[in-house]
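# Survey of secondary and tertiary structure
Here's the letter readout for the chains.
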Amino acid sequence: MTGCFESQRPAFDRIELRAPGLEVAIDGKGKGAFVRSNFHTGRVDRGGFLLSNERYDELKRRLERFRRLDETVDEAEAGALLERTCEGEEVTDQGGVTIHWRGSYGGQWYIADFGCEPKQYAERNRELRAVLESLPVPEAVPLP
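Since the structure is predicted, the reported quantities are computational estimates derived from the model, not experimental observations.

## Observations regarding the layout of surface pockets
In this structure, the second largest pocket spans a volume of roughly 350 Å³. As for the second largest pocket, its lining consists of 19 residues, of which Ala-19, Arg-129, Leu-132, Glu-139 and Ala-140 are closest to the centre. Classifying every residue of the lining of the second largest pocket by side-chain character gives twelve nonpolar, three polar and four charged.

What follows is the structure in structure tokens.
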């Protein structure tokens, strides 16, 4: 895709992570909020947290490798990412993770569909799940 930024990625001041039934937003000072919507029961939980500088820096470091991938696109191309289809092995209802880095320039998006080529992307999927599990938020809601 052509959405990748050439030599240097623009600065961001907010990170948003989404997984099935879970939305997490963290500002540049480590202050975060989450909304967990359980589509099985209709229950919605909201909460907040504060990451230490060290934990926030670690989160940024772990996500930076995804931010530098060719599959990461800018705001103008984000909609196309949601519409793309898997061109290889596909397993339905596996969920995934969306990362959105936001800044004054707009934003960058990375979308991982855990059901698309699950063997090929197993390491990536494990890392993204581990990132979510490292945050002080509830688990994502398993798909039916």
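Past the structure itself, the notes keep going.
## Details of the pattern of salt bridges
Throughout the structure, instances matching the rule amount to nine salt bridges. Among the ionic pairs, Asp-57 bridges to Lys-60, the shortest N-O distance being 3.7 Å. Note that Asp-57 and Lys-60 are positioned in helix α1 (residues 53-67) at a spacing of three residues, about one turn of the helix. On the accessibility criterion, Asp-57 (43% relative accessible area) is partly exposed. You can call Lys-60 partly exposed: its relative accessible area is 30%. Its salt-bridge partner being Arg-61, residue Glu-58 comes within 2.5 Å of it at the nearest N-O pair.

## With respect to the pairing of strand β6 (residues 96-103)
Most of β6 is tucked away, with seven of its eight residues classed as buried. Where strand β1 (residues 14-19) and β6 come together, five bridges link them in antiparallel fashion. Within β6, the position partnered with Ile-15 by the bridge is Trp-101. Pairing between β6 and strand β7 (residues 106-113): eight bridges, direction antiparallel. Bridge pairing links Arg-102 to Gly-107 in β7. In this antiparallel pair of consecutive strands, β6 and β7, the connection spans two residues.

## Topic: unusual backbone geometry
Although it is not a glycine, Glu-117 adopts a positive phi angle of roughly 50°. Residue placement: Glu-117 occurs in the loop between β7 and α3 (122-134).

The rules we used
Residues numbered from 1 in each chain as written. Predicted model: local features only at pLDDT ≥ 70, side-chain atom pairs only at ≥ 80, totals over all residues. Heavy atoms only, no water. 1 Å grid on protein atoms, 1.4 Å probe; cavity = no way out; pocket = protein on both sides within 12 Å on 5 of 7 lines; lining within 4 Å. Points joined across faces, edges and corners; volume = space filled by probe spheres on them. Nonpolar A, V, L, I, M, F, W, Y, C, P; charged D, E, K, R; others polar. Salt bridge = Lys/Arg side-chain N within 4 Å of Asp/Glu carboxyl O. Helix = DSSP H or I, 4+ residues; strand = E, 2+ residues; numbered from the N terminus. Buried < 20%, exposed > 50% of the residue type's maximum accessible area, 1.4 Å probe, protein only. Pairing = 2+ DSSP bridges.

Taken by themselves, the reported measurements are silent on function.
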